[in-house]
Amino acid sequence: MNRHPVLFVSHGAPDVLLKPAATVRLWENLGAALPRPRAILVVSAHWAARAPTVSTTGTPDTIHDFGGFPPALYEMAYPAPGAPALAGRVRELLGTAGLPCAETPDRGLDHGAWIPLKAMYPAADIPVVQLAIQPFAGPDWHRRLGAALRPLRDEGVLILASGAVTHNFNWLSWGLDGQPVPQAVAFADWLGKALARDDRPALIDYRRVAPHGAGAHPTEEHLLPLFAALGAAEPGEKPLRLAPEYTYSGLAMDAYLWQDASPAPFTPAQS
């Protein structure tokens, strides 16, 4: 079996599914073109816990963890099965790496998980497990988590990290998609260049060294999944940047794909 990709997506505002444009098309194309996983592990910005925690439910609910959007969004469901065996494997790998891991029997799929998955795998027929982030533990902690989970790539598991390249509500123009704000562009481009160099020290220190680093993320939870993805990539393995659009002027919807060179890597022409 070829090594499975690692994917980071910016999930954006939940209503991205109601007005599908470049981002949703990208997710659809990724789902069609990537090797089909036997299961998916999602590291989402929208599940936080004191320690790494996995969901063990066999039937995760669809969590509508947002407010103020059109009713059609609350009628959507993503009835993918859970994967208790994968949850156990995650606990095993983290334990081997000396990292704690708890479990919960009743955690469903938050919108950081089901929004992109609904576009990628609309049949909802691939088992999904979520792993909680630790918002105050920082980037390097999440890189360590990802590194511990790297063996899953050789076991047919898609590691899907879901967060945001930029997440400052003061940069947003709600109700319209205008020109992207310069601060968002500057940070997104810096991030893309640092990832292309696999410059892990600079990435870990992004709040200090990146243009508008702290401004792009007044709180860190939406960028921490990226570091889990970075950790799951081999040192020196460089991602493909997929930059479909900016939504609400301030949300860079970039995705990053770390992938094996065979048999047929995903290319921007497919997006």
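In what follows, the structure referred to is the one given above.
The structure reproduced in this document is the subject of the present report. (Residues numbered from 1 in each chain as written. Predicted model: local features only at pLDDT ≥ 70, side-chain atom pairs only at ≥ 80, totals over all residues. Heavy atoms only, no water.)

**A closer look at the packing of helix 5 (residues 139-148) against helix 10 (residues 224-232)**
We apply this condition: For helices, the axis comes from a line fit to the C-alpha atoms of the stretch in contact; other axes are also lines fit to C-alpha atoms, and the angle between any two N-to-C directions lies between 0 and 180 degrees. Helical segments are the DSSP runs of H or I of at least four residues, strand segments are the runs of E of at least two, and each set is numbered from the N terminus. Reported orientations rely on four angle classes, namely roughly parallel under 35 degrees, roughly antiparallel over 145, roughly perpendicular from 65 to 115, and oblique for the rest. A clockwise turn of the near helix away from the far one marks a right-handed crossing, whereas an anticlockwise turn of less than a right angle marks a left-handed crossing. Residue contacts are counted whenever heavy atoms from the two residues lie within 4.5 Å of one another. Throughout, the ten residues Ala, Val, Leu, Ile, Met, Phe, Trp, Tyr, Cys and Pro are labelled nonpolar, Asp, Glu, Lys and Arg are labelled charged, and all others, Gly among them, are labelled polar.
Across the interface, helix 5 lies against helix 10 with an axial gap of 6 Å and an inter-helix angle of 40 degrees. When the axes of helix 5 and helix 10 are compared, the pair comes out oblique. The chirality of how helix 5 crosses helix 10 is right-handed. On helix 10, the residues that touch Pro139, His142, Arg143, Gly146 and Ala147 of helix 5 are Leu224, Phe227, Ala228, Gly231 and Ala232. Residues that form the contact of helix 5 with helix 10 fall into these classes: six nonpolar, three polar and one charged.

**A look at helix 5**
Formally: Each residue gets one of three labels from its accessible area relative to the maximum for its type: buried under 20%, exposed over 50%, partly exposed in between, using a 1.4 Å probe on protein chains only.
Pro139, His142, Leu145, Gly146 and Ala148 are the residues of helix 5 that are buried. On its buried side, helix 5 packs onto helix 3 (84-96), strand 5 (128-133), helix 7 (200-204), helix 8 (206-209) and helix 10.

**Quick word on the packing of helix 1 (residues 22-33) against helix 4 (residues 111-120)**
Geometrically, a packed helix pair is captured by the angle between its two axes and the distance between the axes. Taken N-terminus to C-terminus, the directions of helix 1 and helix 4 make an angle of 65 degrees; their axes are 7 Å apart at the nearest point. Taken together, the residues of helix 4 that come into contact with helix 1 (itself represented by Val24, Trp27, Glu28, Leu30 and Gly31) are Ile115, Pro116, Ala119 and Met120. For the contact of helix 1 with helix 4, the class distribution of residues is seven nonpolar, one polar and one charged.

**Brief notes about the packing of aromatic side chains**
Inclusion rule: For this analysis, a ring pair means two rings from Phe, Tyr or Trp (six-membered ring only for Trp) whose centres lie within 6.5 Å, classed as stacked if their planes differ by under 30 degrees, edge-to-face if by over 60, and tilted for the remaining angles.
Going through the model one piece at a time under the given rule, you end up with six aromatic pairs. A centroid spacing of 6.5 Å and a plane angle of 45 degrees characterise the contact between Phe66 and Trp114, whose relative ring orientation is tilted. One end of the pair, Phe66, is in the loop between strand 3 (53-55) and helix 2 (71-74); the other, Trp114, is in helix 4, and 48 residues separate them in sequence. Overall, Phe66 belongs to the buried group, its relative accessible area being 15%. On the accessibility criterion, Trp114 (0% relative accessible area) is buried. Each residue in the set Phe66, Phe69, Tyr74 and Trp114 is aromatic and connected to the rest through ring pairs, giving one cluster.

**What to know about the environment of Ala13**
By the element assignment, Ala13 lies in the loop between strand 1 (6-10) and helix 1. The class of Ala13 is buried, set by a relative accessible area of 7%. Measuring from C-alpha to C-alpha, the distance between Ala13 and Thr59 comes to 25 Å, with 46 residues separating the pair along the chain. Setting aside anything within four residues of it in sequence, one finds Ala13 in contact with Trp174, Tyr248 and Leu251.

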